[in-house]
Amino acid sequence: MPHNTSSDFFLRVYEVVRQIPEGRVSTYGAIAEYLGARRSARMVGWAMNAAHTRPDVPAHRVVNRTGMLTGKHHFGGPRVMQQLLEQEGHQIVDDQIVDFETVFWKPTDAV
DNA sequence: TCAGTGACTGACC
DNA sequence: GGGTCAGCCACTG
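Rules and cut-offs
Residues numbered from 1 in each chain as written. Chains lettered and ligands numbered in written order. Predicted model: local features only at pLDDT ≥ 70, side-chain atom pairs only at ≥ 80, totals over all residues. Heavy atoms only, no water. Helix = DSSP H or I, 4+ residues; strand = E, 2+ residues; numbered from the N terminus. Rg over C-alpha atoms; globule rule 2.2 N^0.38 Å. Buried < 20%, exposed > 50% of the residue type's maximum accessible area, 1.4 Å probe, protein only. Contact = heavy atoms within 4.5 Å. Areas by Shrake-Rupley, 256 points an atom, 1.4 Å probe, with all protein chains shown as cover. pLDDT = per-residue confidence, 0-100. Near = heavy atom within 4 Å. Polar contact = N/O pair within 3.5 Å; in protein donor to acceptor, adjacent residues only side chain to side chain. Nonpolar A, V, L, I, M, F, W, Y, C, P; charged D, E, K, R; others polar. Phe/Tyr/Trp six-rings, centres within 6.5 Å; stacked < 30°, edge-to-face > 60°.

Colleague: Before we move on, can you summarise the overall build of chain A with the specific residues and values?
Modeller: Counting its secondary structure elements, chain A contains five helices and four strands. Listing each helix as α and each strand as β along chain A from the N terminus yields α-β-α-α-β-α-β-β-α. A compact globule built from 111 residues should have a C-alpha radius of gyration of about 13 Å, and chain A, at 13 Å, falls within 12% of that. Dimensions of chain A, computed from the C-alpha atoms along their principal axes, are close to 40 × 30 × 25 Å. By residue count, 41% of the 111 residues in chain A fall in the buried class. The contacts in chain A between residues at least 6 apart in sequence include a share of 64% that link residues at least 24 apart. With an accessible surface of roughly 6,900 Å², chain A has 48% of that area assigned to carbon and sulfur atoms.

Colleague: Residue-level account of the confidence of the model for chain A, with values.
Modeller: Of all residues in chain A, 94% attain a pLDDT of 70 or more, and the chain-wide mean is 90. Predicted confidence is poor over residues 2-6, with pLDDT under 50, and the contacts of this stretch with residues over four places away or in other chains come to two contacts.

Colleague: With reference to specific residues and values, describe the protein's contact with DNA strand B.
Modeller: The environment of DNA strand B is made up of 17 residues, and the closest members are Arg42, Met48, Asn64, Arg65 and His74. By atom count, sugar and phosphate contribute 48% of the portion of DNA strand B lying within 4 Å of the protein. Separating a base nitrogen of DNA strand B from a backbone N or O atom of Asn49 is a distance of 3.2 Å. Take His74: an N or O atom from its side chain is 3.0 Å from a phosphate oxygen of DNA strand B. The set of elements that each furnish at least two residues to the surface near DNA strand B consists of helix H2 (28-34) and helix H3 (41-51). It is H3 that contributes the most residues to the surface near DNA strand B, six residues altogether. Residues belonging to the surface near DNA strand B are distributed by class as follows: six nonpolar, nine polar and two charged.

Colleague: Lay out the packing of aromatic side chains in plain terms, naming residues and giving numbers.
Modeller: Under the defined criterion, the tally for this structure stands at two aromatic pairs. Ring geometry for Phe10 against Tyr14: centres 6.5 Å apart, planes inclined by 70°, an arrangement best described as edge-to-face. Residue Phe10 and its partner Tyr14 are located together in helix H1 (residues 6-18), separated by four residues, close to a single helical turn. Pair check on accessibility: Phe10 and Tyr14 agree, each one buried. Both rings, one in Phe100 and one in Phe104, keep their centres 5.7 Å apart while their planes meet at 50°; by these two values the pair is tilted.

The structure is reproduced here in structure tokens:
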């Protein structure tokens with residue numbers, strides 16, 4: 001558990017991820033860019049890793065820029081992330097979200 | 001202190 | 001159109 005200012009960044013990431021509507025997904029890069037750290041997409045991924053303990057953070061709605069479920073192994077099982085997305089109406093083929101571009105959500109779309 | 005690693009991405013070849 | 005590299009930065013051994 002980080003105890004420095006980086007936890008601030010984590011909290012910001014959590015807030016953004018919480019705003020992702022059901023049935024939509026976002027990317028690490030989009031979130032990082034929105035937080036003013038465009039080049040720190042890996043930190044968003046790391047934040048997701050830490051967000052695992054937060055039930056109110058839908059980490060399964062965050063994928064990489066191609067719509068691939070690169071983080072599925074961190075959900076307690078390799079199929080959990082896919083199942084969660086399918087429950088929200090997504091179609092997953094070969095670990096990739098079908099029509100990813102149409103369900104893609106940017107933090108700037110938030111009301 | 002240093003080197004390796006990673007739920008990423010964009011640029012280059 | 002795919003493979004590779006370099007930035008990115010927190011964490012770990």
